Amino acid sequence: MEARSRTRWSLIWKALALLLVIGWLVSLLSVLAWEHRDTARPASAIVVLGAAQYVGRPSPVLKARLDHAIALWRRGLAPRLVLTGGVGDGDTTSEAAVSKRYVLQRGVPDSAIMTEGIGRTTNESMKHVAELMAKRPTRDVILVSDPFHMLRLSILARRYGLDPYSSPTRSSPISASRRESWKYALGESIKVPFTLLFEGP
């Protein structure tokens, strides 16, 4: 009887382990599929997810995102840019403020810029972006970030009541390195299920 019980529990644990592996593989394949989706179309705003800044200058990753967003804005796909990102550890200014200075220097007028300088995580940034967009008649946005980020970003945007389209930048240093791309994609494949289960309102 005791041996039968041990066998039953062994089978249950093996089944659970198999389900976890299958779930993770589905998550990874979904992240990889969303990396190639560019659904940019006319919208109310272009939302740029923050990344590191160095003493008031955007990191190469943030610069790539901003350049891509500026190109979309110049195509007339949205009348404004929403620049996100709070103050990192040891920093004296927010990623959003650094991004604003960068896009102003490249011809985007102040009237076309909105900033969200509080969020320290993707979840926090999307929550505050949704609050900004709540004052607008429409809530459709083009999300700009690195390819690996697009699935989780889109999930959170929908959770907060936004109508998202994705447009990943292809010029980021992360995209240029296959090793870095895989590292970030693998990280996202773990974060996506966590986001589905625990993050958002």
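See above for the structure.
Residues numbered from 1 in each chain as written. Predicted model: local features only at pLDDT ≥ 70, side-chain atom pairs only at ≥ 80, totals over all residues. Heavy atoms only, no water.

Enquirer: Which parts of the structure should I look at to understand the packing of aromatic side chains?
Expert: The description of an aromatic ring pair uses the distance of the two centres, along with the angle that the planes make with each other. Applying the stated criterion to the full structure yields two aromatic pairs. Both rings, one in phenylalanine 194 and one in phenylalanine 198, keep their centres 5.0 Å apart while their planes meet at 50°; by these two values the pair is tilted. Taken together, the residues span about one helical turn, with phenylalanine 194 and phenylalanine 198 both in helix H7 (residues 178–198) at a distance of four residues. We classify phenylalanine 194 as partly exposed; its relative accessible area is 46%. Relative accessible area serves as the criterion here: at 58%, phenylalanine 198 is assigned to the exposed category. The ring of tryptophan 34 has arginine 37 lying over it, and the distance from NZ or CZ to the ring centre is 4.1 Å. Over the ring of tyrosine 102 we find arginine 106, and its NZ or CZ is 3.6 Å from the ring centre. (Phe/Tyr/Trp six-rings, centres within 6.5 Å; stacked < 30°, edge-to-face > 60°. Helix = DSSP H or I, 4+ residues; strand = E, 2+ residues; numbered from the N terminus. Buried < 20%, exposed > 50% of the residue type's maximum accessible area, 1.4 Å probe, protein only. Lys NZ or Arg CZ within 6 Å of the ring centre and 35° of its normal.)

Enquirer: Got a minute to help me understand the nonpolar core in this structure?
Expert: Soluble, globular proteins show a tendency: their nonpolar side chains are buried together. Residues Ile46, Leu66, Leu81, Leu83, Val103 and Val108 are the most contacted members of the largest nonpolar core, which totals 24 residues. Listing elements by their share of this core, those giving two or more residues are strand E1 (45–48), helix H2 (60–74), strand E4 (81–84), helix H3 (95–105) and strand E6 (140–144). Ranked by residues supplied to this core, first place goes to H2 with six residues. Setting aside residues no more than four positions away along its own chain, leucine 66 makes contact with Val48, Pro58, Leu83, Ser99, Tyr102 and Val103. By size, the runner-up hydrophobic cluster in this structure holds 17 residues, among which are Val82, Met126, Val141 and Leu153. (Core = buried A, V, L, I, M, F, W, Y, C linked by side-chain atoms within 4.5 Å. Contact = heavy atoms within 4.5 Å.)

Keep in mind these values describe shape, not function.
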